[in-house]
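# Structural features, examined
Given next are the chains, with one letter for each unit.
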Amino acid sequence: MLECKQHDLVGLTSEARDIVSHEFDDFYIIYQPSSTETHVFNETTTEILNCLAHSSASSEYVMKWVSESIVSTENELDPLDIADAIQRLNELGLIDCFERENQ
Amino acid sequence: MRIADQSIKVLEDNLKNCGLYVKFGSFTVRIHSDIPSVSELVNHFYAIYPCASGDEIIDFHIGIEKPKGLRRWYRPQSLFSVDGRLTFQPYPVEHAFPALEWGINWCIATRAHHLLMLHSAVVERNGNAILFPAWPGHGKSTLCTALVHSGWRLLSDEFGLVRPEDGQLLPIPRLIPLKNESIDVIRQFSPGAIIGPSFYGTRKGTVAHVRPPEDSIYRMDEPAKPRWLIFPRWIANAPLRIEPIPKSQAFLMVATNSFNYDVLDQTSYRLVTDMVNNCDCHTLVYSDLYEAISAIDDLTRIGHE
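Residues numbered from 1 in each chain as written. Chains lettered and ligands numbered in written order. Predicted model: local features only at pLDDT ≥ 70, side-chain atom pairs only at ≥ 80, totals over all residues. Heavy atoms only, no water.

## With respect to the domain arrangement of chain B
Residue and element names in this part refer to chain B. The domain boundaries assigned to chain B delineate domain 1 (3–111) and domain 2 (116–304). Relative placement of domain 1 and domain 2: their C-alpha centres are 26 Å apart. Listed by partner, the interface residues are 25 residues for domain 1 and 29 residues for domain 2. Contact between domain 1 and domain 2 buries roughly 2,300 Å² in total, counting both sides, with carbon and sulfur atoms accounting for 67%. (Domains from an automatic or database assignment. Contact = heavy atoms within 4.5 Å. Buried area = accessible area lost by both parts, 1.4 Å probe.)

Shown next, in the form of structure tokens:
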């Protein structure tokens, strides 16, 4: 697992495509078959996965996309919170980070 | 055939020799014991439980027996065994019956992985069940005992057994072990309740068992649909509070209160998700049983209409 840096490209792993999700209130209860774990994701974390559903993107793009998609209904997001969520998804094996020069 | 259909002599012989076959809901248990106090209490408490024929598959072969050697006579002990294996340190012989009751529950909790097992009391009325998932000491058994002596049917005071095929709750109406102050609380609340002797100084303090009402035992093959999730907490002198909680929080509280959520993987996820979706979810803080039962009756009447 490579730690996500600010200018990395970020993409979903195959494990992320198998997850099962159910929305309760403003939270998402996620089942991850590859680890057999159940997670609770907030909207920010779920939006990161939504952002990457169709293609990989840079970390900056993900942060901007998520900020814009949530800011309409919520208070402004702290970019550090989004970066933390990206890092956590990486640790769970749901996203991969690639150094851009390797692409 | 029920246990009471045989004489105490036959029951004692069965316990000592071929074993006594008892049905607790969907579980069949064979019990061996050579301890007189166990046969007396089995005769007293299990009288209306159904016997199994002996041709059925036995889920657990249980023994609660005197050891061989000195401890049979000097400060006598009792040994709990499952399928012929000793699983725990010896108990004083006077605690043999609570050890038997606790041990059967332990067998279910550690082995019945064909079901999702929630640590929860479950009661039913009109086909709809309330689950009371709670940590030990939160007043689950006391509240459950009061409810089943107030018109609700007992499915279990300990296990929410969820059938994976359809999410229905399976009854296992076993004796309810009340602890410490709860014993007198229930004696006062329901003087007609069948409560056995108090066992002092057990690993859980003073324990006395309550036999479920007859109707709960006779209907032990009748499952129920989960309709309410209520997370109880008894706090001394606290005013009654019954409040809805977010379903995401209820999901986590149910999943973390399960005996085997991790064992069943995605099946658990599906079952808990469906259950939380189909239930109204509340927390309940109480100190007075009458107030709590009245509030539960009101809540479930509204929810049922």
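Following the structure, the description resumes.
## Things to note about the sheet that holds strand β3 (residues 27–32) of chain A
Overall, antiparallel pairing links the three strands, which are arranged β2-β3-β4 (chain A) in an open sheet. Of all strands in the sheet, those bounded by a partner on one side alone are β2 (20–24) and β4 (37–41) of chain A. On average, each strand axis in the sheet is tilted by 20 degrees relative to the strand beside it, whichever way the strands run. Of the strand pairs in this sheet, β3 of chain A and β4 of chain A are connected by five bridges, and their pairing is antiparallel. Bridge pairing in β4 of chain A links Y31 of chain A to T38 of chain A. In the packing of helix α2 (residues 43–51) of chain A onto the sheet, the strands contacted are β3 and β4 of chain A, and the crossing angle to β4 of chain A comes to about 105 degrees. Of the strands in this sheet, β2, β3 and β4 of chain A touch helix α8 (residues 266–278) of chain B, which is tilted by about 20 degrees from β2 of chain A. (Pairing = 2+ DSSP bridges. Helix = DSSP H or I, 4+ residues; strand = E, 2+ residues; numbered from the N terminus. Axes fitted to C-alpha atoms, helices over the stretch in contact; angles between N-to-C directions.)

## Regarding α8 of chain B
With 13 residues, α8 of chain B should cover 18 Å at 1.5 Å per step; its first-to-last C-alpha distance of 18 Å lies within 8% of that length. Every buried residue of α8 of chain B is listed here: S268, Y269, L271, V272, T273, M275 and V276 of chain B. (Expected span 1.5 Å × (residues − 1). Buried < 20%, exposed > 50% of the residue type's maximum accessible area, 1.4 Å probe, protein only.)

## A short note on a nonpolar patch on the surface
A cluster of nonpolar side chains, namely F27 and V40 of chain A together with L252 of chain B, defines an oily patch on the protein surface of about 220 Å² accessible area. Structurally, F27 of chain A can be placed in strand β3. F27 of chain A sits in the partly exposed class, given a relative accessible area of 36%. (Patch = residues over 30% accessible without salt bridge, like charges linked within 9 Å, V, L, I, M, F, W, Y side chains within 5 Å. Areas by Shrake-Rupley, 256 points an atom, 1.4 Å probe, with all protein chains shown as cover. Salt bridge = Lys/Arg side-chain N within 4 Å of Asp/Glu carboxyl O.)

## Comments concerning unusual backbone geometry
All names here are of chain B. Positive phi, close to 55 degrees, is recorded for N126, a residue that is not glycine. With respect to the secondary-structure elements, N126 resides in the loop between β7 (116–125) and β8 (128–133). Residue classification places N126 among the exposed residues on the basis of a relative accessible area of 60%. The residue N237 is not glycine, and still its phi comes out positive at about 65 degrees. Relative to the helices and strands, N237 is located in the loop between β16 (225–234) and β17 (241–244).

## Some words on the interface of chain A and chain B
With 13 residues of chain A in contact, the opposing surface of chain B contributes twelve residues. Roughly 1,100 Å² is buried in total at the junction of chain A and chain B, and carbon and sulfur atoms are behind 67% of that figure. Among the residues chain A hides against chain B, the three largest losses belong to F24, I29 and Y31 of chain A. Together they make up 46% of the total. Along the contact surface separating chain A from chain B lie zero salt bridges. Joining chain A to chain B, the criterion identifies eight residue pairs in polar contact (both at pLDDT 80 or more). Those elements that provide at least two residues to the side of chain A that touches chain B are β2, β3 and β4 of chain A. Residues of the side of chain A that touches chain B, tallied by class, amount to eight nonpolar, four polar and one charged. (Polar contact = N/O pair within 3.5 Å; in protein donor to acceptor, adjacent residues only side chain to side chain. Nonpolar A, V, L, I, M, F, W, Y, C, P; charged D, E, K, R; others polar.)

## Observations regarding the packing of aromatic side chains
Residues and elements named next belong to chain B. Overall, the coordinates contain 14 aromatic pairs over all chains when judged by the stated rule. Ring geometry for Y46 against Y49: centres 5.6 Å apart, planes inclined by 65 degrees, an arrangement best described as edge-to-face. Both rings, one in F88 and one in W106, keep their centres 4.9 Å apart while their planes meet at 80 degrees; by these two values the pair is edge-to-face. Of this pair, F88 sits in the loop between β5 (85–86) and β6 (91–92) while W106 sits in helix α3 (residues 96–111), and the two are 18 residues apart along the sequence. Classification of W106 by relative accessible area gives partly exposed; the value is 26%. By the ring-pair criterion, three or more aromatic residues cluster together here, those being F24, F45, Y46, Y49 and F97. Positioned over the ring face of F24 is R174, at 4.7 Å from the centre of the ring. The side chain of R203 reaches across the aromatic face of Y91, ending 3.9 Å from its centre. (Phe/Tyr/Trp six-rings, centres within 6.5 Å; stacked < 30°, edge-to-face > 60°. Lys NZ or Arg CZ within 6 Å of the ring centre and 35° of its normal.)

## Section: the pattern of salt bridges
Side chains carrying opposite charge are able to pair once their charged atoms draw close together. All names here are of chain B. Summed over the entire model, instances satisfying the criterion amount to 18 salt bridges over all chains. The salt bridge partner of E124 is R153, with a shortest N-O separation of 2.9 Å. Here E124, found in strand β7, pairs with R153, found in strand β9 (residues 153–156); they are 29 residues apart in sequence, far enough to count as distant. Of the residues examined, R153 reaches a relative accessible area of 1% and is grouped as buried. In this structure, the salt-bridge partner of E158 is K140, at a minimum N-O distance of 3.3 Å.

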